[in-house]
Amino acid sequence: MHLRLLYLTFQEDAPLYAGVLNKIRGQAAAFRALGFSTTYSAWKGNAFHFYGDAPAAVPIDADRQVMRRFYEIAAGYLTRNPCEVLYVRLDRVDFGVVSLLKRAKACGVKHILLEIPNYPYLRDYVRTAKSVSDPKRRLLSTVKVNLFAAEDRLAGPHLKGLADAAILYGDTASDFYGVPAKNATNGIDCAVLPPVPWPKKSTEIVLIGVAGTLWWQAYDRVLRGMANWNQQKDPRWTFRFLLVGGDEKEMPAFREQVRALGLSDAVEMPGFKTGEELLSYYRRADAGVSTLGCFRRGLTHCSSLKAREYAALGLPFLYAYSDDALPGDAPWALRLSNDDTPVDMGRVAAFVEQCREDPRIVLQEREYAQEVYDWRAILADALQFGGVALPQGPEQA
């Protein structure tokens, strides 16, 4: 009999969060490959969905206090569908989470693991509130964030004795409110990503950025770098930037910056794409652009999902953070400064030319992704840290 695992998330299934949903689905596939009977959750429209081996769809029917309704739905599901392992993705902690975990224990759950993305997350909430331009809205956002933070600090200590482990993505820590913690890096399902064509020969260098929220991706650094390059009138290379995605709230300012910098003919903004359409843009690219704006969130470490996707595709990429799973001398990754300076396009051109001249570099990149970034190995390690005996080792999956 397979051990039953519920991967509980409160993530909205919407195009803006396509990257996060891909991560969740990849993790669910890895749990299943490790031998667990796996179900995961997300919400869409007016329904909270459970996908996988024990599917269900429950109406949300709540205009206010939506998270409370989510907790009710999850508790009811656990009562009807008992499991041995509960893996919960949390953006923050509140007393509703504590009550839910107590209910899970009462329903017979043997192991509870928490996943905490973007740790430490409270300072990220504070910075987001401060970035609101309208004074009244900024004040309301600040009050709301302070209330969130206060409840987080009051509820957090109650996790001890309920959760067996916390898996952190972000800054290093060994403890999360008294729960043993372990840092992890994001992974990818390499099997679903075919390699892009290589090598490429052209005086045009095509960069691609694939993201929803733009503020902390800092693609504006690329735009300013392209504008600086154009002013130099260097004939050796031209640059093109493909933005696939983009939060509709941020896109007007991004489009205006493109226009103001004189880059309208050099920047394409096709919106969100998936599947074969997304792959068609990847095939045109010489390099991907991972997160360049960790400094805007006060972070130095990052475990970018998009960088893993680039690596699995065999697409060299730019990044600007520390990543424990990325060797500093990787020839397929160009590290930039974690600040607001424009990207040095001369360095980018030299990097791309180096990769073009030695096709072995992208082969090594894809092999590295398969060995290090695959979700099965990452989650096997996390589960064992939480005291879960694997029904099947990752090397057999």
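Preceding this paragraph is the structure being described.
Source: prediction; values computed, not measured.

Rules of the game
- Residues numbered from 1 in each chain as written.
- Predicted model: local features only at pLDDT ≥ 70, side-chain atom pairs only at ≥ 80, totals over all residues.
- Heavy atoms only, no water.
- Pairing = 2+ DSSP bridges.
- Helix = DSSP H or I, 4+ residues; strand = E, 2+ residues; numbered from the N terminus.
- Contact = heavy atoms within 4.5 Å.
- Axes fitted to C-alpha atoms, helices over the stretch in contact; angles between N-to-C directions.
- Parallel < 35°, antiparallel > 145°, perpendicular 65-115°, else oblique.
- Nonpolar A, V, L, I, M, F, W, Y, C, P; charged D, E, K, R; others polar.
- Buried < 20%, exposed > 50% of the residue type's maximum accessible area, 1.4 Å probe, protein only.
- Polar contact = N/O pair within 3.5 Å; in protein donor to acceptor, adjacent residues only side chain to side chain.
- Phe/Tyr/Trp six-rings, centres within 6.5 Å; stacked < 30°, edge-to-face > 60°.
- Lys NZ or Arg CZ within 6 Å of the ring centre and 35° of its normal.
- Salt bridge = Lys/Arg side-chain N within 4 Å of Asp/Glu carboxyl O.
- Core = buried A, V, L, I, M, F, W, Y, C linked by side-chain atoms within 4.5 Å.
- Disulfide = S-S within 2.5 Å.

Peer 1: How should the sheet that holds strand E5 (residues 85-89) be read in this particular structure?
Peer 2: The strands that make up a sheet are held in pairs by hydrogen bonds between backbone atoms, and each pair lies either parallel or antiparallel. On the basis of which strands lie adjacent, the open sheet formed by nine strands has the order E4-E3-E2-E1-E5-E6-E7-E9-E8 and mixed pairing. For this open sheet the edge positions go to strand E4 (56-59) and strand E8 (175-176), each flanked by a neighbour on one side alone. Of the strand pairs in this sheet, strand E1 (residues 4-8) and strand E2 (residues 37-44) are connected by four bridges, and their pairing is parallel. Looking across to E2, one finds that Arg-4 is bridged to Ser-37. Packed on one face of the sheet, helix H1 (residues 18-33) meets E1, E2, strand E3 (47-52), E5, strand E6 (111-119) and strand E7 (165-170) and runs near 165° to E2. On top of the sheet, helix H3 (residues 95-106) reaches E1, E5 and E6; it is set at about 155° to E6, its chief contact.

Peer 1: Help me understand the packing of H1 against helix H12 (residues 375-385) in this model?
Peer 2: Think of two packed helices as two axes; the pair is described by the angle between the axes and how far apart they sit. Where H1 meets H12, the closest approach of the two axes is 9 Å, and the angle between their N-to-C directions is 70°. Taken together, H1 and H12 sit at an angle that is classed as roughly perpendicular. Facing Lys-23, Gly-26, Gln-27, Ala-30, Phe-31 and Ala-33 of H1, the residues of H12 in contact are Trp-375, Arg-376, Leu-379 and Leu-383. Here the contact of H1 with H12 is composed, by residue class, of six nonpolar, two polar and two charged.

Peer 1: Could you clarify how one ought to interpret the side chain of Thr-38 in this entry?
Peer 2: Locating Thr-38 in the fold gives a position in strand E2. Here Thr-38 falls in the buried class, since its relative accessible area comes to 0%. At 3.1 Å, the side chain of Thr-38 forms a polar contact with the backbone oxygen of Phe-36. Residues in contact with Thr-38, not counting those within four places in the same chain, are Leu-5, Ala-28, Phe-31, Arg-32, Tyr-51, Gly-52 and Asp-53.

Peer 1: Whenever I open this one, the packing of aromatic side chains confuses me. Can you help?
Peer 2: Aromatic ring pairs are described here by two measures, namely the spacing of the ring centres and the angle between the planes. For the structure shown, the criterion picks out 23 aromatic pairs. Plain terms: the ring middles of Tyr-121 and Phe-176 are 6.4 Å apart, the flat faces sit at 55° to each other, and that makes the pair tilted. Here Tyr-121, found in the loop between E6 and helix H4 (122-130), pairs with Phe-176, found in strand E8; they are 55 residues apart in sequence, far enough to count as distant. Phe-176 matches Tyr-121 in its accessibility class, with the two residues each being buried. Members of the aromatic cluster, each reached through a chain of ring pairs, are Phe-10, Trp-43, Phe-48, Phe-50, Phe-70, Tyr-71 and Tyr-77. Just above the ring of Trp-216 sits the side chain of Arg-297; from NZ or CZ to the centre is 3.9 Å.

Peer 1: Can you help me understand unusual backbone geometry in this one?
Peer 2: Of the consecutive residues Tyr-119 and Pro-120, the connecting peptide bond is found in the cis state with omega at 0°. Position of Pro-120 among the secondary structure elements: in the loop between E6 and H4. Unusually for a residue other than glycine, Asn-118 sits at a positive phi of about 55°. Within the secondary structure layout, Asn-118 lies in strand E6.

Peer 1: Mind showing me how you'd approach the pattern of salt bridges here?
Peer 2: When the charged atoms of two side chains lie near each other, side chains of opposite charge can form a pair. Evaluated as defined, the whole model comprises 25 salt bridges. A salt bridge links Glu-256 to Arg-259; the shortest N-O distance between them is 2.5 Å. Residue Glu-256 and its partner Arg-259 are located together in helix H7 (residues 251-260), separated by three residues, close to a single helical turn. The salt bridge involving Asp-358 is made with Arg-360; its shortest N-O contact spans 2.9 Å. Taking the relative accessible area as the measure of exposure, Asp-358 reaches 23% and is therefore partly exposed. On the basis of relative accessible area, Arg-360 is assigned to the exposed category, the value being 56%.

Peer 1: For this particular structure, what's the right way to read the sheet that holds strand E13 (residues 287-289)?
Peer 2: Pairing in this open sheet of six strands is parallel, and the strands run E12-E11-E10-E13-E14-E15 from one edge to the other. In this open sheet, the two strands that pair with only one neighbour each are strand E12 (267-268) and strand E15 (333-335). Where strand E10 (residues 204-211) meets E13, two bridges bridge the pair, whose relative direction is parallel. Paired with Leu-207 across the strands is Ala-287, a residue of E13. In the packing of helix H10 (residues 345-357) onto the sheet, the strands contacted are E10, strand E11 (238-245), E13, strand E14 (317-319) and E15, and the crossing angle to E10 comes to about 100°.

Peer 1: So what exactly am I meant to see when it comes to the side chain of Arg-308 here?
Peer 2: Relative to the helices and strands, Arg-308 resides in helix H9 (residues 305-313). Engagement of the side chain of Arg-308 in a polar contact is seen with the side chain of Asp-323, the distance being 2.6 Å. In this structure, Arg-308 is in contact with Thr-185, Asn-186, Gly-187, Ile-188, Ser-303, Asp-323, Ala-325 and Tyr-373, ignoring residues within four places of it in sequence.

Peer 1: How do you make sense of the nonpolar core when you look at a structure like this?
Peer 2: Where a protein is soluble and globular, its nonpolar side chains tend to be buried together. In this structure, Phe-241, Phe-254 and Tyr-282 are the most contacted members of the largest nonpolar core, which totals 72 residues. Excluding residues that lie within four positions of it along the chain, Tyr-282 makes contacts with Val-196, Lys-200, Ile-208, Val-210, Lys-306, Glu-309, Tyr-310, Leu-313 and Leu-315. Membership of the second largest hydrophobic core comes to 43 residues, among which are Phe-10, Cys-83, Ile-112 and Leu-162.

Peer 1: Looking at this model, I keep getting lost on the pairing of E4. Mind explaining?
Peer 2: Residues in a regular strand project their side chains so that they alternate between the two faces of the sheet. Two strands pair when backbone bridges link them, and E3 and E4 are joined in this way by four bridges, in the antiparallel orientation. By the bridge assignment for E4, Ala-47 is matched with Pro-59. The antiparallel pairing of E3 with E4 creates a hairpin that spans three residues between the two strands.

Peer 1: Even after reading the chapter, I still don't get the state of the cysteines, so can you show me in this structure?
Peer 2: One covalent bond between the sulfur atoms of two cysteine residues makes up a disulfide. For the coordinates displayed, the defined rule picks out zero disulfides. Here Cys-302 is not cross-linked by a disulfide; its sulfur's nearest cysteine counterpart is in Cys-294, at 4.2 Å. Owing to a relative accessible area of 12%, Cys-302 belongs among the buried residues under this scheme.

Treat this as a map of the structure, not an account of what it does.
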